[in-house]
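One letter stands for each residue in the lines below.
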Amino acid sequence: MTTATTPLDPRVSEFETQQQADSYDRWFRVKVQEAIESERPSLPHDAAIARVDALLDEMRAKRAAH
């Protein structure tokens, strides 16, 4: 049986203890539920990728200028 303070194997989990894993799982589930219930308009995948690409291009240009 895994307890809250049982160390987790780093090859299996990014968390050090079960307590950390459980805490993250609770936080993540809340964030997903908030997104599902959000009134904000959704952003199509292609539009999201275009925004990320533009931000990455901007960051690369700034880095190249220095």
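None of the values given here were measured: they were computed from a predicted structure.

Peer 1: Before we go on, may I ask you to explain the environment of leucine 55 in this structure?
Peer 2: Relative to the elements of secondary structure, leucine 55 occurs in helix H2 (residues 45-65). Look at leucine 55 and you get exposed, because its relative accessible area is 51%. Separated by 18 residues in the primary sequence, leucine 55 and glutamate 37 place their C-alpha atoms 28 Å from one another.

Peer 1: Explain the packing of aromatic side chains here, please?
Peer 2: Here the distance between the centres and the angle between the planes together describe a pair of aromatic rings. Overall, the coordinates contain three aromatic pairs when judged by the stated rule. For the ring pair phenylalanine 15 and tyrosine 24, a centre distance of 5.4 Å and an interplane angle of 35° mean the geometry is tilted. The partly exposed category is assigned to tyrosine 24, whose relative accessible area is 38%. With 5.5 Å between their ring centres and 40° between their planes, tyrosine 24 and tryptophan 27 make a pair best called tilted. Of this pair, tyrosine 24 and tryptophan 27 both sit in helix H1 (residues 18-37), three residues apart, which is roughly one turn of the helix. An aromatic cluster of at least three residues, connected via ring pairs, comprises Phe15, Tyr24, Trp27 and Phe28.

Peer 1: Help me out: how do you make sense of the environment of histidine 45 in this one?
Peer 2: Inspection of the secondary structure puts histidine 45 in helix H2. Classification of histidine 45 by relative accessible area gives exposed; the value is 57%. For the pair histidine 45 and aspartate 25, spaced 20 residues apart in sequence, the C-alpha separation works out to 25 Å.

Peer 1: I'm lost on the side chain of serine 13 in this one. Help?
Peer 2: For serine 13, the position within the fold is in the segment before H1. There is a polar contact of 3.0 Å between the side chain of serine 13 and the backbone nitrogen of phenylalanine 15.

Peer 1: Teacher, can you tell me more about the pattern of salt bridges here?
Peer 2: Should the charged atoms of two oppositely charged side chains come close, the side chains can pair. Evaluation of the coordinates by the stated rule reveals five salt bridges. In this structure, arginine 29 engages aspartate 25 in a salt bridge whose closest nitrogen and oxygen atoms are separated by 2.8 Å. Here the residue arginine 29 and the residue aspartate 25 both occupy positions in helix H1, the gap between them amounting to four residues, near one helical turn. Looking at arginine 29, the relative accessible area reads 56%, which means it is exposed. Look at aspartate 25 and you get partly exposed, because its relative accessible area is 32%.

Here is what the cut-offs are and how they apply
Residues numbered from 1 in each chain as written. Predicted model: local features only at pLDDT ≥ 70, side-chain atom pairs only at ≥ 80, totals over all residues. Heavy atoms only, no water. Helix = DSSP H or I, 4+ residues; strand = E, 2+ residues; numbered from the N terminus. Buried < 20%, exposed > 50% of the residue type's maximum accessible area, 1.4 Å probe, protein only. Phe/Tyr/Trp six-rings, centres within 6.5 Å; stacked < 30°, edge-to-face > 60°. Polar contact = N/O pair within 3.5 Å; in protein donor to acceptor, adjacent residues only side chain to side chain. Salt bridge = Lys/Arg side-chain N within 4 Å of Asp/Glu carboxyl O.

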